[in-house]
Amino acid sequence: AVVSTQSTGVFCLFVSRSRILVYSTSIVRNMLSDIGEMCKWFRVRRRYLAYCCLLLNAYTELCARLGVSISMIGGMVKKDCDDPEDVGQFCWSENTQALVLGAYFYGYTVQFLTTFVAKRFTGFTATYRFWLMTSAVLQLCYSTFASLSPTLLIVTQAIRGLVAGIMMSFSFDYIAKFAVGKTESKIFISLVGATNFIGSGTGGVLAGFITDLFGWQYYFYFSGICYALGLVLALLFVPETPENCWFMTPEEKSIIINENKPKVKSDPSPENCQSSQPKNKLSFCRFYLIAFSIYLFSFNIIIYSILSVIPFYLNKITGADPQIISYLNISLTLIIAICTVAFSYVVKQMDTLVTWLESRMIFTLIPMFSYIIFFVGLSFHLSLTGVAIILASTSVMASTLFSGSIYMINYEMDPKNSAVRMSIFNSVGQAAGFVSPLLMAAITTTNPDTPDYDTVYRQRWAYFFYTVAGHAAVGCLVIVLAYILNPDEWVNRDKNKSIEGTSTS
């Protein structure tokens, strides 16, 4: 007993003197302090009402997207048109169903057109309200459109994809106009990303619950009412500018206006895309849009493979039960959402330890390197547990997209124009939503009469995972090229951010 007590004492003394414990305690103390500061913000910052409205509307949109696929298997479409006992209401071919589901991404890929019109002519707030009203009407009329023609549903889905893109663009534009300080903007950009993943994870559960309880039509009535309420909230609490906001105090308006005044700079910086550059160099702003578009497309190929394609793989190859797959899918999206917010805090700490360039490269390149390893790992014959572990690890890495990767870099480089620029590379990136399943079908489709069918089918899935890993490698390559071909702009930005970080810390 004496020896045990002495050993325990020595061990406790060692741990108490360990720098790891001291560092961990410091991190926890800073985190609690930041949480306390955040609570004070929420008590005295009325503009946060607008942020909450934006997040609620974004959540409604993501839930509504999943409602269509749930409705199709919940009584909207017949599984067997020749079966008189089938409870489905409409007899649509598989191609028609695929068009209805894929049309959402067709609309998403042209969001930059509406964003450009909003920026140049109509204004983001008016455009945002108009498309919210349009979505409410379309959702309430969804069952009527379905009974008339599936073509009307295809058009409706495309419009709703366009609305989803507008919501994302407007969120960035609003943060640029109303956010006070870099910490606030980083937190809310992370919350925008987390809301997207939470909606993707829980929307199917909500749609399934309402469909089973009342019928597939009632979910669209429910989402239409939610859109209408979102429109009312947008009219009340989402102003065009701080000056015409009725619920903010004069002091808060003054703080926002002073924060967003244009700052005069004596030397050109990448925050101003019109800065002079040598003629033999590519324009930095145009090149990084191309680089970010390719990177986001590669990134989304991975995300949609995790959320849409791999569940099919788990069912066909490992024999996993569909219910277990749905639980796994929900868990993955919630992991991404939680880690997105957590990583926003980690990025804030990293900015005080390393330079801006090092921090952003870490959160942009390391996840993609991890995806290469993880997807090559998936090519081996793994059990359901092994696949789940790899997918969970991949989901954690995916959480850096909004926290410290290209969405954050785009905002930090040019906040006022971040919405338009984001809509351009986001339009390209979202094309992965329908490319990923097509890629999977093209690579893995195997004739059942093929000799040694099981082995060949598994090998084709391995080829698919190698292809996804190759997309991750391309995503890394374009970001590195963006730095190599125009390093001066990155270095200047790095110096500016280092100076700002030092002064604020």
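Up top is the structure these notes are about.
Residues numbered from 1 in each chain as written. Predicted model: local features only at pLDDT ≥ 70, side-chain atom pairs only at ≥ 80, totals over all residues. Heavy atoms only, no water.

**Student:** Whenever I open this one, a nonpolar patch on the surface confuses me. Can you help?
**Tutor:** On the surface, a cluster of nonpolar side chains totalling about 840 Å² of accessible area is made up of Leu140, Phe209, Leu213, Phe214, Tyr218, Tyr221, Ile225 and Leu229. Contributions of two or more residues to the nonpolar patch are made by α9 (182-213) and α10 (216-237). Considering every element that reaches the nonpolar patch, the biggest residue donor is α10, with four residues. Of note, leucine 213 is situated in helix α9. (Patch = residues over 30% accessible without salt bridge, like charges linked within 9 Å, V, L, I, M, F, W, Y side chains within 5 Å. Areas by Shrake-Rupley, 256 points an atom, 1.4 Å probe, with all protein chains shown as cover. Salt bridge = Lys/Arg side-chain N within 4 Å of Asp/Glu carboxyl O. Helix = DSSP H or I, 4+ residues; strand = E, 2+ residues; numbered from the N terminus.)

**Student:** Explain the environment of arginine 47 to me, please; I cannot follow it from the model alone.
**Tutor:** Its location among the elements puts arginine 47 in the loop between α2 (19-44) and α3 (48-76). When the C-alpha atoms of arginine 47 and phenylalanine 237 are compared, they prove to be 8.3 Å apart, with 190 residues separating the residues in sequence. Polar contacts involving the side chain of arginine 47 include one to the side chain of glutamate 252, which spans 2.9 Å. (Polar contact = N/O pair within 3.5 Å; in protein donor to acceptor, adjacent residues only side chain to side chain.)

**Student:** Just checking my understanding: could you explain helix α5 (residues 111-122) for this structure?
**Tutor:** Structurally, the α-helix is built with 3.6 residues per turn, so residues lying three or four positions apart point the same way. Among the residues of α5, those classed as buried are Gln111, Thr114, Thr115 and Ala118. The buried residues of α5 occupy an angular sector of 100° when projected down its axis, which confines them to one face. The outward face of α5, more than 90 degrees from its buried face, is lined by the exposed residues Arg120 and Phe121. Contacts from the buried residues of α5 go to α4 (94-108), α6 (124-140), α8 (150-178) and α18 (418-430). In the segment just after α5, glycine 123 is the residue with positive phi, at about 90°. (Buried < 20%, exposed > 50% of the residue type's maximum accessible area, 1.4 Å probe, protein only. Arc of directions from axis to C-beta. Contact = heavy atoms within 4.5 Å.)

**Student:** Honestly, empty space enclosed by the protein in this entry has me stumped. Any pointers?
**Tutor:** Rolled over the atoms, a probe sized like a water molecule indicates the empty space that remains. According to the stated counting rule, one finds four cavities of 30 Å³ or more in the structure shown. Here the largest cavity defines a volume of roughly 70 Å³. Lining the largest cavity are Ala58, Glu61, Leu62, Tyr108, Ala164, Met167, Met168, Ser171, Val192 and Asn196. Broken down by secondary-structure element, the contributors of at least two residues to the lining of the largest cavity are α3, α8 and α9. Here the lining of the largest cavity gets four residues from one element, more than from any other, and that element is α8. For the lining of the largest cavity, the residue count by class is seven nonpolar, two polar and one charged. (1 Å grid on protein atoms, 1.4 Å probe; cavity = no way out; pocket = protein on both sides within 12 Å on 5 of 7 lines; lining within 4 Å. Points joined across faces, edges and corners; volume = space filled by probe spheres on them. Nonpolar A, V, L, I, M, F, W, Y, C, P; charged D, E, K, R; others polar.)

**Student:** Got a minute to help me understand the nonpolar core in this structure?
**Tutor:** Looking at soluble globular proteins, one finds that nonpolar side chains tend to be buried together. Counting 106 residues, the largest nonpolar core has Ile310, Phe375 and Trp461 as its most contacted members. At 19 residues, the largest contribution of residues to this core is made by helix α12 (residues 284-318). Those residues in contact with tryptophan 461, other than ones at most four positions away along the chain, are Val309, Phe312, Tyr313, Ile317, Met440 and Thr444. The next biggest cluster of nonpolar side chains, apart from the first, holds 14 residues, and it includes Met72, Phe90, Val100 and Trp216. (Core = buried A, V, L, I, M, F, W, Y, C linked by side-chain atoms within 4.5 Å.)

**Student:** I would appreciate a short explanation of the environment of alanine 64 in the present structure.
**Tutor:** Within the secondary structure, alanine 64 sits in helix α3. Among the residues examined, alanine 64 registers a relative accessible area of 0% and is labelled buried. Distance from alanine 64 to arginine 160, taken between C-alpha atoms, is 9.0 Å for residues 96 residues apart in sequence. Among residues more than four places away in sequence, those in contact with alanine 64 are Gln139, Arg160, Tyr219, Ser223 and Tyr227.

**Student:** Whenever I open this one, the pattern of salt bridges confuses me. Can you help?
**Tutor:** Pairing between side chains becomes possible if they bear opposite charge and their charged atoms approach one another. Taken as a whole, this structure holds seven salt bridges when the rule is applied. Measuring nitrogen to oxygen at the nearest pair gives 3.4 Å for the salt bridge that ties lysine 177 to aspartate 173. One end of the pair, lysine 177, and the other, aspartate 173, are both in helix α8, four residues apart, so they sit about a helical turn from each other. Overall, lysine 177 belongs to the partly exposed group, its relative accessible area being 26%. One salt bridge in this structure joins lysine 186 and glutamate 412, with 3.9 Å as the shortest N-O distance. In this pair, lysine 186 sits in helix α9 while glutamate 412 sits in helix α17 (residues 406-413), placing the two residues 226 residues apart along the sequence. As far as the burial class goes, lysine 186 and glutamate 412 line up, both buried. One salt-bridge network, held together by shared partners, links Arg47, Glu184 and Glu252.

**Student:** What should I look at first to understand the packing of α17 against α18 in this one?
**Tutor:** Helix-helix packing is described using two parameters, namely the angle between the two axes and the distance between the axes. Between α17 and α18, the shortest axis-to-axis distance is 9 Å and the interhelical angle comes to 150°. Between α17 and α18 lies a crossing whose hand is right-handed. Together, Ile406, Tyr407, Asn410 and Tyr411 of α17 and Ser418, Arg421, Met422, Phe425 and Asn426 of α18 make up the contact between the two elements. Taken together, the residues of the contact of α17 with α18 break down into five nonpolar, three polar and one charged. (Axes fitted to C-alpha atoms, helices over the stretch in contact; angles between N-to-C directions. Left-handed = near helix turned anticlockwise from the far one by under 90°.)

**Student:** For this particular structure, what's the right way to read unusual backbone geometry?
**Tutor:** As a rule of thumb, non-glycine residues mostly have phi less than zero, and peptide bonds are mostly trans rather than cis. Phi angles above zero are rare outside glycine, and aspartate 452 is one such case at about 55°. Along the chain, aspartate 452 turns up in the loop between α19 (432-444) and α20 (453-485). Given a relative accessible area of 54%, aspartate 452 falls into the exposed group.

**Student:** Explanation requested: the packing of aromatic side chains in the structure shown.
**Tutor:** How two aromatic rings sit relative to each other is set out by the distance from centre to centre and by the angle between their planes. Tallied over the entire structure, the rule returns 37 aromatic pairs. Judged by centre distance (6.5 Å) and plane angle (35°), the rings of tyrosine 219 and phenylalanine 222 are tilted. Taken as a pair, tyrosine 219 and phenylalanine 222 lie in helix α10 at a separation of three residues, close to a single helical turn. Looking at tyrosine 219, the relative accessible area reads 1%, which means it is buried. On the accessibility criterion, phenylalanine 222 (36% relative accessible area) is partly exposed. With centroids separated by 6.0 Å and ring planes inclined at 75°, the aromatic side chains of phenylalanine 343 and phenylalanine 363 adopt a geometry described as edge-to-face. Taken together, the residues phenylalanine 343 in helix α13 (residues 322-353) and phenylalanine 363 in helix α14 (residues 356-378) connect sequence positions 20 residues apart. Taken individually, phenylalanine 343 and phenylalanine 363 each receive the classification buried, so the pair is uniform in this respect. The structure contains a cluster of three or more aromatic residues connected by ring pairs, namely Tyr48, Tyr51, Phe124, Tyr128, Phe170, Tyr174, Phe178 and Phe188. (Phe/Tyr/Trp six-rings, centres within 6.5 Å; stacked < 30°, edge-to-face > 60°.)

Keep in mind these values describe shape, not function.
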